[in-house]
Amino acid sequence: MKELTLTSFKQFRSRVKARDKELEEALKEYFANGGIVRVAISSSKEWPKLIYPSKKRLQALIEEKKKQKRELLGKKATWQKRLFNANIYNVANFVKKYAEPIYWKHIFKYLIDSDYRNDANTVKLPAHLVADPRWKPMIKMFVEDIDYRKQLRLTVEESFVYKKDKKLAKYSQQLIEFRKQESKRKIKELEEKIAELDKEIKVLSTLLKWAS
């Protein structure tokens, strides 16, 4: 019986003529990922005995890959939550606004005060985002402080930033779209890594049967 260390499937095939389709496919993947095997060959017509990686080593590698997969699944869940939140952002704020007293104060003033209505229309006040902590202070100031309101209108009318688009909440919508795209990108990236780990686990599990 002769022991050999092999680093490629081509080397393995030149020494072993026996066939085992499942193990051959696993070995091709294992070698492609930089794996090394040490086998004991009694005859080229017989499938060799696996010396390295040992059963213990393979079990350890499988557990390591499974741990990595669990971590990636956790990250994927986090990004999926971010995507979900981004997807429902507008709907959630549409519903939540009704629980905000300042929203109703805005509606009341909008209906009875033409000057206020004109200011709100000019700056395109995002009153529907009043439940968002990032927007609520600004909306509250706009509704309750006429000096702030007039200054904001002046800024929107004269600032270069708003020259082409006077939509005050434009940045908010751009941010939501960015979050959606980034979340989708990260989810796809993680899914590819998880699929690769599944493939590696399958290969190692097949080799484990050989080592058993």
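A few words on the sheet that holds strand S2 (residues 37-41). Taken in spatial order, the 3 strands make up an open sheet running S1-S2-S3, and their pairing is antiparallel. Looking at which strands have only one partner, the edges of the open sheet turn out to be strand S1 (2-6) and strand S3 (49-52). Averaged over all adjacent pairs, the angle separating strand axes in this sheet is 30°, with direction ignored. Pairing between S2 and S3: 3 bridges, direction antiparallel. Paired with arginine 38 across the bridge in S3 is tyrosine 52.

Aromatic ring pairs are defined here through the distance separating the ring centres and the angle between the ring planes. Scanning the model with the defined rule gives 10 aromatic pairs in all. Residues phenylalanine 12 and tryptophan 210 carry aromatic rings whose centres are separated by 6.4 Å and whose planes lie at 80° to one another, so their mutual orientation is edge-to-face. Here the residue phenylalanine 12 occupies a position in helix H1 (residues 9-15), and tryptophan 210 occupies one in helix H8 (residues 170-211), the gap between them amounting to 198 residues. For phenylalanine 12, a relative accessible area of 0% puts it in the buried group. Here phenylalanine 94 and tyrosine 98 contribute two aromatic rings whose centre-to-centre distance is 5.7 Å and whose plane-to-plane angle is 85°, an arrangement assigned as edge-to-face. Of the residues examined, tyrosine 98 reaches a relative accessible area of 38% and is grouped as partly exposed. Against the face of tryptophan 79 rests arginine 82, its NZ or CZ located 4.4 Å from the ring centre. Geometry around phenylalanine 142 places arginine 149 over its ring, the cationic atom sitting 6.0 Å from the centre.

Here the focus is the nonpolar core. Core analysis: the largest hydrophobic core is formed by 24 residues, its most contacted members being Phe12, Leu27, Val37, Leu207 and Trp210. Mapped by element, the contributors of at least two residues to this core are S1, H1, helix H2 (21-32), S2, helix H3 (55-96) and H8. When residues of this core are assigned to their parent elements, the largest contribution, 6 residues, is made by H8. Leu129, Met138, Phe142 and Val156 belong to the second-largest nonpolar core, a separate cluster that totals 19 residues.

Within the structure shown, the criterion is met by 23 salt bridges. Here arginine 13 makes a salt bridge to glutamate 24, at a shortest N to O gap of 3.1 Å. Note that arginine 13 is positioned in helix H1 and glutamate 24 in helix H2, a separation of 11 residues in sequence. Glutamate 24 shares its class with arginine 13; the two are buried. A salt bridge links lysine 150 to aspartate 119; the nearest nitrogen and oxygen atoms lie 2.9 Å apart. Here lysine 150, found in helix H7 (residues 146-158), pairs with aspartate 119, found in helix H5 (residues 114-123); they are 31 residues apart in sequence, far enough to count as distant. Residue classification places aspartate 119 among the buried residues on the basis of a relative accessible area of 0%. Shared partners join several salt bridges into a network, and the residues in it are Asp115, Asp119, Arg149, Lys150 and Arg153.

What counts, and at which threshold
Residues numbered from 1 in each chain as written. Predicted model: local features only at pLDDT ≥ 70, side-chain atom pairs only at ≥ 80, totals over all residues. Heavy atoms only, no water. Pairing = 2+ DSSP bridges. Helix = DSSP H or I, 4+ residues; strand = E, 2+ residues; numbered from the N terminus. Axes fitted to C-alpha atoms, helices over the stretch in contact; angles between N-to-C directions. Phe/Tyr/Trp six-rings, centres within 6.5 Å; stacked < 30°, edge-to-face > 60°. Buried < 20%, exposed > 50% of the residue type's maximum accessible area, 1.4 Å probe, protein only. Lys NZ or Arg CZ within 6 Å of the ring centre and 35° of its normal. Core = buried A, V, L, I, M, F, W, Y, C linked by side-chain atoms within 4.5 Å. Salt bridge = Lys/Arg side-chain N within 4 Å of Asp/Glu carboxyl O.

By themselves, these figures tell us nothing about what the structure is for.
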